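# Fold and contact review
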Amino acid sequence: MIDTSLSPLSARLPLVSRALLTNGVRAKALSSKVGEPTLERSYSPGRPFPQGATWDGAGVNFAIYSTASDSVELCLFDRADHAQESERIRLSERTNGVWHIYVPGLGPKQLYGYRVHGPYKPAEGLRFNPHKLLLDPYAKAIGRELKWADELFGYTIGHADEDLSFDERDSAPFAPLGVVIDESFDWSGENRPNIAWSETLIYEAHVRGMTQQHPDVPPELRGTYTGMASDPILAHLKKLGVTAVELMPVHHFVQDRHLEEKGLRNYWGYNTLAFFAPEPAYGATREPVAIIREFKEMVKRFHKAGFEVILDVVYNHTAEGNHSGPTLSFRGIDNLAYYRTMEGDARHYMDYTGCGNTLNMMSPHSLQLLMDSLRYWVTHMHVDGFRFDLASALARELKDVNQLGTFFDTLYQDPTLATVKLIAEPWDLGEGGYQVGNFPVGWAEWNGKYRDTVRRFWKGDMGMHSDIATRLGGSADLYERTGRLPSASINFITAHDGFTLTDLVSYNDKHNEDNRDDNRDGTNDNNSWNCGHEGPLDDSAIVEMRDRQKRNLWASLILAQGVPMICSGDEIGRTQRGNNNGYCQDNELSWLNWKRDERQQRFLDFAHQVIALRRVHPSFRRRSFREQEPGVALPGGHVLWFRADGAEMKTEDWESGGWMRTLGMFLPGDALEIRDGEGRRVRDDDFLFLLNAHHEPVDFRLPSLKSRRGWSVVFTTAGPETEKKVHAFKLEARSCVLLTRKLPTEQL
């Protein structure tokens, strides 16, 4: 054990500051500002709640949880470029593990951090080091971002004892700082859209990448929160027909040291350090308090335009990494309270995330931190929902993922969060972490099985006929058995992680050389098909096949039961040139290129057409798998499936028809579960969705159904020349067709 209570750091402080450290809180205590005469400042014990720095108009209440520490010091900075704090005040009041103090006379824009004293016993999971200035976990804004230096580590880098050694160098010149904010904002005129799950269509986007190259966004606003909600972006999203934007991480995150040393940057942002603070790099101004207002104004503009705002949040780990990582905040404040350590080896962390550590959801305070953060973003920032990165890691108790665990119980009981959209990425990297279909009622999930099935079917893999039917029907096998609805399935074919839609039909293999890791990073399991040539080319036949495959995939996404999610830029042909792991490409490779050629415009027109169909016809967005009202007879099924010869699929076809790559999906317009946006039962047109993933054309005999009007073509992905017959329809190779017919007047 290293005793830090009489740290050499104290001996280097000005005389008056040392008096503060030793005497504790007094009714009138001396404090000093470097280079100025000694001042008197009165302060009081303050309150343990709320945690963080709270301004009341007359002063600031500071509260920080650290139950295993011996003492805590509040460090005040006059300027962000100052290497040392101007004042240091020891907190003497601790209530239920929370240290607290009220300092009058302070207000917004006050920069601050903490030093925490306690035992340094890494082998026992205790890593206190008062030489390290620490960021408040509840900081609402970032007053200064970190600058990488060896002084940020609690141990001496290069020492023979590695992280068991103790570093006495001061990290203050390099450490991030929190800043006190004024939370006031004029929300007048804002109405939250409150869009039903069944009406939702999600657009996953990156704040910087969305606008960095947009010609109609003013240059000074590109890559910012303001640019994200600017008129050109709102107009594009409105015309496209989406209802919600899902923003990739906007919590303050750290630029990885190893990436900076390679001349790269963390673009995606899955490296969170502050769960309450917006990422300052996306601000149109670098002034911290103004960034808070800018974020709120972005949300307000989205809401006024009719869009919901969903945040991609990373609560499963922090930017401090594994046991060899820096001491920036949580590690130095209360390591065991915030992180899960190995059983019987508290020096090392449990790592279910692949990022070095896992937040300790078995700790009541870590759970409180997560809940307080979620509530803050809903009540103060007015966001409408959350997508939880590697959500299985949050649900682990001991080792197993527990859908009845504390994390879910706490969410269920919170009235603030009961009204927002909750989306799980239902896996992590630990054993048993793949939990698609296993999250409880109230949660939607990224449906990885949908993604894999649709990719494999259109690639031409055999044996996918049963799976494709299940996925297009809403994945009842995953969600109906637990009383969940089709909207529990977030259907996606592409996302930020992996190939873009254009690359999915242009590359068989990843090409991640730009990441400077010898193409080792990123998955090798892409379920992609390059249509006969790797990468770009001028061969018209291959180019046309790629465009057709994109239309097949897009139609399968938008017309499937469930909630579609579009990856930004897919609608305009974005490519990453075969890079399927663009996490470190903060450049033109990842940013959307808004210039479109004729081919890309044609695809965008098709994308608009299919989304408009979904919006107009409730049959494609059914609220339930089947009608739930007792005593109501069904007139002929919810969804029917047909073979190419026109016969309805039977049990033996599903069980032994692995050779089948041609199917027909019939959506009757009088199915009882079809409802409008208000939940009222309505009638729709009949639709017949024909799919042919075979490499040759197939004559599809239209099934004999109820006597109704003839079929008409809504669209075909093979082009307008596709032949239509009275009793059969020629499906071109690797294509799909949507047919419709109106209900007879007597049935309306």
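Located above this text is the structure these notes cover.
Here's what I pulled together on the structure shown here. (Residues numbered from 1 in each chain as written. Predicted model: local features only at pLDDT ≥ 70, side-chain atom pairs only at ≥ 80, totals over all residues. Heavy atoms only, no water.)

### Looking at the overall build of the protein
A tally of regular secondary structure across the protein gives 17 helices and 34 strands. Residues counted as buried form 61% of the 748 residues belonging to the protein. Residue pairs at least 24 apart in sequence account for 72% of intrachain contacts in the protein once pairs closer than 6 positions are excluded. Element-wise, carbon and sulfur atoms account for 49% of the exposed surface of the protein, whose accessible area totals about 27,900 Å². Positive and negative side-chain charges in the protein, numbering 86 and 103 respectively, have mean positions lying 3 Å apart. (Helix = DSSP H or I, 4+ residues; strand = E, 2+ residues; numbered from the N terminus. Buried < 20%, exposed > 50% of the residue type's maximum accessible area, 1.4 Å probe, protein only. Contact = heavy atoms within 4.5 Å. Areas by Shrake-Rupley, 256 points an atom, 1.4 Å probe, with all protein chains shown as cover. Lys, Arg positive; Asp, Glu negative; His and termini not counted. Charge placed at Lys NZ, Arg CZ, Asp CG, Glu CD.)

### Brief notes about the packing of aromatic side chains
Taken as a whole, this structure holds 40 aromatic pairs when the rule is applied. Between Y376 and W377, the ring centres sit 6.0 Å apart and the planes meet at 85°, which makes this aromatic pair edge-to-face. Assessed through its relative accessible area of 4%, Y376 is described here as buried. By the ring-pair criterion, three or more aromatic residues cluster together here, those being F275, Y315, F330, Y338, Y339, Y349, F386, F388, F407, F408, F439 and W443. (Phe/Tyr/Trp six-rings, centres within 6.5 Å; stacked < 30°, edge-to-face > 60°.)

### Topic: the sheet that holds strand β21 (residues 385–388)
Pairing is parallel around the closed barrel formed by eight strands, whose spatial order is β14-β15-β18-β21-β24-β25-β26-β27. Mean inter-strand twist for the sheet, computed between neighbouring axes without regard to direction, equals 30°. (Pairing = 2+ DSSP bridges. Axes fitted to C-alpha atoms, helices over the stretch in contact; angles between N-to-C directions.)

### Describing the packing of helix α11 (residues 448–459) against helix α12 (residues 465–472)
Look at α11 against α12: their axes get within 9 Å of each other, and the N-to-C directions meet at 130°. Classified by the angle their axes make, α11 and α12 are oblique. The handedness of the crossing between α11 and α12 comes out as left-handed. Residue-level contacts link K449, Y450, T453, V454 and F457 of α11 to D467, I468 and R471 of α12. (Parallel < 35°, antiparallel > 145°, perpendicular 65-115°, else oblique. Left-handed = near helix turned anticlockwise from the far one by under 90°.)

### Quick notes on the packing of helix α8 (residues 330–338) against helix α9 (residues 364–379)
At their nearest, the axes of α8 and α9 sit 9 Å apart, and the two run at 115° to each other. Of the possible angle classes, the one that applies to α8 and α9 is roughly perpendicular. When α8 is examined against α9, the residues F330, A337 and Y338 are found in contact with a partner set consisting of H365, S366 and L369. Class assignment for the residues of the contact of α8 with α9 results in four nonpolar, two polar and no charged. (Nonpolar A, V, L, I, M, F, W, Y, C, P; charged D, E, K, R; others polar.)

### As for the pattern of salt bridges
Taken as a whole and judged by the stated rule, the model has 44 salt bridges. For R257, the salt bridge goes to D150, with nearest N and O atoms at 2.8 Å. One end of the pair, R257, is in helix α6 (residues 257–261); the other, D150, is in the loop between β12 (142–144) and β13 (177–179), and 107 residues separate them in sequence. Looking at R257, the relative accessible area reads 23%, which means it is partly exposed. When the shortest N-O distance is used, the salt bridge between D167 and R169 registers 3.0 Å. The class of D167 is buried, set by a relative accessible area of 2%. Through salt bridges with shared partners, a single ionic network connects E73, E85, R88, R90, R115 and D170. (Salt bridge = Lys/Arg side-chain N within 4 Å of Asp/Glu carboxyl O.)

### A word on the sheet that holds strand β29 (residues 662–667)
Strand order in the open sheet made by the five strands is β28-β29-β30-β34-β32, with antiparallel pairing throughout. The open sheet terminates on both sides in strands that have one partner only, identified here as β28 (640–642) and β32 (712–716). Going from strand to strand, the sheet's axes swing by 20° on average, the running direction of each strand aside. As judged from the four bridges shared by β32 and strand β34 (residues 735–741), these two strands associate in the antiparallel manner. Within β34, the residue paired with S712 across the bridge is T740. Strands β28, β29 and β30 (686–692) of the sheet are contacted by α12, whose axis makes an angle of about 25° with β29.

### A short note on the pairing of strand β8 (residues 98–104)
Of all seven residues in β8, six are buried; the element is thus mostly enclosed. The sheet contact formed by strand β4 (residues 59–65) and β8 spans seven bridges and is antiparallel. When the sheet's bridge partners are listed, Y65 is paired in β8 with V98. In this structure, strand β7 (residues 93–95) lies alongside β8, joined through three bridges in antiparallel fashion. Within the sheet, the bridge partner assigned to T95 lies in β8 and is V98. Taken together, β7 and the strand that follows it, β8, pair antiparallel across an intervening segment of two residues, in which N96 is found at a positive phi of about 50°.

### What about helix α16 (residues 598–616)?
Structurally, the α-helix is built with 3.6 residues per turn, so residues lying three or four positions apart point the same way. Taking 1.5 Å of rise per residue, the 19 residues of α16 would be expected to cover 27 Å, and the 27 Å separating its terminal C-alpha atoms lies within 8% of that figure. For α16, the complete set of buried residues consists of F603, L604, F606, A607, H608, V610, I611, L613 and R614. Structurally, α16 contributes buried residues whose contacts are with α5 (231–240), α14 (501–504), α15 (540–559), β27 (563–567), β32 and β34. A side-chain oxygen of the first residue of α16 lies 3.2 Å from the backbone nitrogen of R599; this N-cap is D597. (Expected span 1.5 Å × (residues − 1). Polar contact = N/O pair within 3.5 Å; in protein donor to acceptor, adjacent residues only side chain to side chain.)

### Digging into the environment of F166
Within the fold, F166 resides in the loop between β12 and β13. Each C-alpha atom, one on F166 and one on Q51, is 29 Å from the other, the two residues being 115 residues apart in sequence.

### Details of the nonpolar core
Judged by nonpolar contacts, the single largest core of 166 residues is most densely connected at F62, F386 and F388. When sequence neighbours within four positions are dropped, the list of residues in contact with F386 reads I310, L311, V313, L374, W377, V378, L417, V420, K421, L422 and I423. One finds I202, A244, V436 and A488 within the second-largest nonpolar core, a separate group that totals 18 residues. (Core = buried A, V, L, I, M, F, W, Y, C linked by side-chain atoms within 4.5 Å.)

### Describing the state of the cysteines
According to the stated counting rule, one finds zero disulfides in the structure shown. Left unpaired, C584 is separated from the closest cysteine sulfur, that of C355, by 14 Å. Looking at C584, the relative accessible area reads 1%, which means it is buried. Distance from the sulfur of C736, which forms no disulfide, to the nearest cysteine sulfur (C531) is 14 Å. For C736, a relative accessible area of 0% puts it in the buried group. (Disulfide = S-S within 2.5 Å.)

### A few points about the pairing of β30
Most of β30 is tucked away, with seven of its seven residues classed as buried. Burial of β30 is two-sided: the residues D686, L688, L690 and N692 facing one way and the residues F687, F689 and L691 facing the other way are all buried. Bridging between β29 and β30 involves six bridges; their strand directions are antiparallel. Of the residues in β30, the one forming a bridge with G664 is L690. By the bridge criterion, seven bridges tie β30 to β34 in an arrangement that is antiparallel. The partner of F689 across the bridge, within β34, is L738.

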